[in-house]
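The chain contents come next:
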Amino acid sequence: MHKTEKIEKIVQILEKEIPKLDPPIHLMFKIQKNDPYRVLVCGILSARSKDEKTVPVCEKLFKKFPTMEDLLNAPLEEIEETIKGIGLYRQKARYLKEAVRKLIEEFKGNLPSTVEELTKLPGVGRKIANIILIHAFGKDTIAVDTHVHRIANLLGLVNTKKPEETERELKKIVPKRLWKKINYLLVGLGQTICKPQKPQCEICPIKEYCDFYRTFKEKQKYTSN
C-alpha cells in the first residue's frame with residue numbers, strides 16, 4: 001500500500017475513534033478557544049508538560065491575566081507564582097512576559113502568521129509555531145510534537161530522527177487537505193492508546209496499518225514456534 005493511501009485510511013479511522021476516547025488534548029482545545037493570545041500562552045506553557053497539567057495552569061493564568069496587556073504589566077514574580085504548578089515555570093514566566101512585550105511593541109499586539117516570525121518569539125519553537133498557525137489562523141500545516149514524531153515512525157510512514165525531519169517527510173506524503181488533522185489525531189492516539197511507555201497495540205484501531213505492530217506479531221509467532 002502506498003504511504004499516501006495508508007495515511008488516508010489511518011485518518012479516516014482515527015477521525016471516528018479519537019473523539020470517542022476523549023483525549024486530554026480536548027481540554028486544550030476548549031481553553032484555547034482559537035484565540036491567538038490563548039493559543040500562544042498555552043503553547044509556551046505546554047512545552048515538556050502534559051496537557052492534563054498544563055490546562056489547569058492556563059485556566060488560572062487567563063483568569064488573572066485575560067489580555068496581553070495584563071500579562072505584560074504584571075510583575076514577573078506574580079506570573080511565576082500563577083504558573084508555579086508547571087515544570088520550568090520560572091523560565092516560562094520570562095518567556096511569556098517577553099513574548100507579549102515583543103508582540104505589543106513590534107507587532108502592534110497582533111500575532112504574526114508565519115513560522116519564521118513566530119519562532120522569533122521567546123519560548124516558541126517550530127512545533128508551537130505550527131500549532132498557532134493551525135488553531136489561531138486555520139492554516140494548512142503539520143505540527144510535529146513527540147507523539148506525532150514517535151507514532152509516524154512506528155507506523156512506518158517516515159524513518160526520521162528529529163521532529164523537523166518528520167514534519168518535512170509527512171508533508172511529502174500527506175495530502176494537504178489533511179495536514180491540520182495530523183497533530184490532533186496522532187496526539188490523541190498517543191495520549192490514550194499508543195502511549196510511549198506502554199502502547200496498547202491489541203486495542204489500537206489502526207494496528208493493521210502499523211509496521212511496529214506487524215513486526216511485533218511476527219516476532220511473537222517466530223518465538224512461539
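Structure's up top.
On a predicted model such as this, the values are computed, not experimentally measured, just so you know.

Participant: Give me the overall build of the chain: which residues, what numbers.
Facilitator: Of the regular secondary structure elements, the chain holds 13 helices and zero strands. Scaling as 2.2 N^0.38, a compact globule of 225 residues should have a C-alpha radius of gyration of about 17 Å, and the chain matches this with 19 Å. Overall, the chain is about 70 × 30 × 30 Å in size when its C-alpha atoms are taken along their principal axes. For the chain, the residues scored as buried account for 47% of the 225 residues in total. In the chain, 59% of the contacts between residues at least 6 apart in sequence involve partners at least 24 apart. Accessible area for the chain stands at about 12,200 Å²; split by element, carbon and sulfur atoms hold 51% of it. With 43 positive and 30 negative side-chain charges, the chain shows a spacing of 4 Å between the two charge centroids.

Participant: Explain the packing of helix 1 (residues 3-21) against helix 12 (residues 179-192) to me, using residue names and the numbers behind them.
Facilitator: Contact geometry for helix 1 and helix 12: axes closest at 10 Å, N-to-C directions at 55 degrees. By the angle between their axes, helix 1 is oblique relative to helix 12. Crossing of helix 1 over helix 12 shows left-handed handedness. Taken together, the residues of helix 12 that come into contact with helix 1 (itself represented by Val-11, Leu-14, Glu-15, Ile-18, Pro-19 and Leu-21) are Lys-181, Ile-182, Tyr-184, Leu-185, Leu-186, Gly-188, Leu-189 and Thr-192. Residue composition of the contact of helix 1 with helix 12, grouped by class: 10 nonpolar, two polar and two charged.

Participant: Which residues make up helix 4 (residues 51-64), and what values do they have?
Facilitator: For helix 4, built from 14 residues, the straight-helix expectation of 20 Å at 1.5 Å per residue is met to within 8% by its first-to-last C-alpha distance of 20 Å. Of the residues making up helix 4, those classed as buried are Asp-51, Thr-54, Val-55, Val-57, Cys-58, Leu-61 and Phe-62. Here the buried face of helix 4 lies against helix 2 (25-32), helix 3 (36-46), helix 5 (68-73), helix 6 (76-82), helix 7 (89-106) and helix 12.

Participant: Give me the lowdown on the nonpolar core, citing residues and values where you can.
Facilitator: Of all hydrophobic cores here, the largest spans 41 residues; its most connected members are Tyr-37, Leu-61, Leu-71, Ile-83 and Leu-96. Residue assignment for this core shows that the elements contributing at least two residues are helix 2, helix 3, helix 4, helix 5, helix 7, helix 8 (115-118) and helix 9 (126-137). One finds Ile-7, Ile-18, Leu-185 and Ile-193 within the second-largest nonpolar core, a separate group that totals 33 residues.

Participant: Please set out the environment of Trp-179 residue by residue, giving values where relevant.
Facilitator: Tracing the backbone shows Trp-179 in helix 12. Given a relative accessible area of 12%, Trp-179 falls into the buried group. Taking C-alpha positions, Trp-179 is 34 Å from Lys-84, a pair spaced 95 residues apart along the chain. Not counting residues within four places of it along the chain, the set of residues in contact with Trp-179 comprises Asp-140, Thr-141, Ile-142, Lys-171 and Val-174.

Participant: Could you give an account of the packing of aromatic side chains, naming the residues involved and the relevant values?
Facilitator: On inspection of all chains with the given rule, the structure shows two aromatic pairs. Ring geometry for Phe-29 versus Tyr-184: centroids 5.5 Å apart, planes at 50 degrees, classification tilted. Here Phe-29 is found in helix 2, whereas its partner Tyr-184 is found in helix 12, with 155 residues between them in sequence. Assessed through its relative accessible area of 18%, Tyr-184 is described here as buried. Between the aromatic rings of Tyr-37 and Phe-62, the centroid separation amounts to 5.8 Å while the plane-to-plane angle is 65 degrees, which identifies the pairing as edge-to-face. Placement of the pair is Tyr-37 in helix 3 and Phe-62 in helix 4, with a sequence separation of 25 residues.

Participant: Any details on unusual backbone geometry? Residues and values, ideally.
Facilitator: Unlike most non-glycine residues, Leu-88 shows phi in positive territory, near 55 degrees. We classify Leu-88 as partly exposed; its relative accessible area is 43%. Within the chain, Lys-108 stands out as a residue other than glycine whose phi angle is a positive 55 degrees. Relative to the elements of secondary structure, Lys-108 occurs in the loop between helix 7 and helix 8. Lys-108 sits in the exposed class, given a relative accessible area of 75%.

Definitions and limits used
- Residues numbered from 1 in each chain as written.
- Predicted model: local features only at pLDDT ≥ 70, side-chain atom pairs only at ≥ 80, totals over all residues.
- Heavy atoms only, no water.
- Helix = DSSP H or I, 4+ residues; strand = E, 2+ residues; numbered from the N terminus.
- Rg over C-alpha atoms; globule rule 2.2 N^0.38 Å.
- Buried < 20%, exposed > 50% of the residue type's maximum accessible area, 1.4 Å probe, protein only.
- Contact = heavy atoms within 4.5 Å.
- Areas by Shrake-Rupley, 256 points an atom, 1.4 Å probe, with all protein chains shown as cover.
- Lys, Arg positive; Asp, Glu negative; His and termini not counted.
- Charge placed at Lys NZ, Arg CZ, Asp CG, Glu CD.
- Axes fitted to C-alpha atoms, helices over the stretch in contact; angles between N-to-C directions.
- Parallel < 35°, antiparallel > 145°, perpendicular 65-115°, else oblique.
- Left-handed = near helix turned anticlockwise from the far one by under 90°.
- Nonpolar A, V, L, I, M, F, W, Y, C, P; charged D, E, K, R; others polar.
- Expected span 1.5 Å × (residues − 1).
- Core = buried A, V, L, I, M, F, W, Y, C linked by side-chain atoms within 4.5 Å.
- Phe/Tyr/Trp six-rings, centres within 6.5 Å; stacked < 30°, edge-to-face > 60°.

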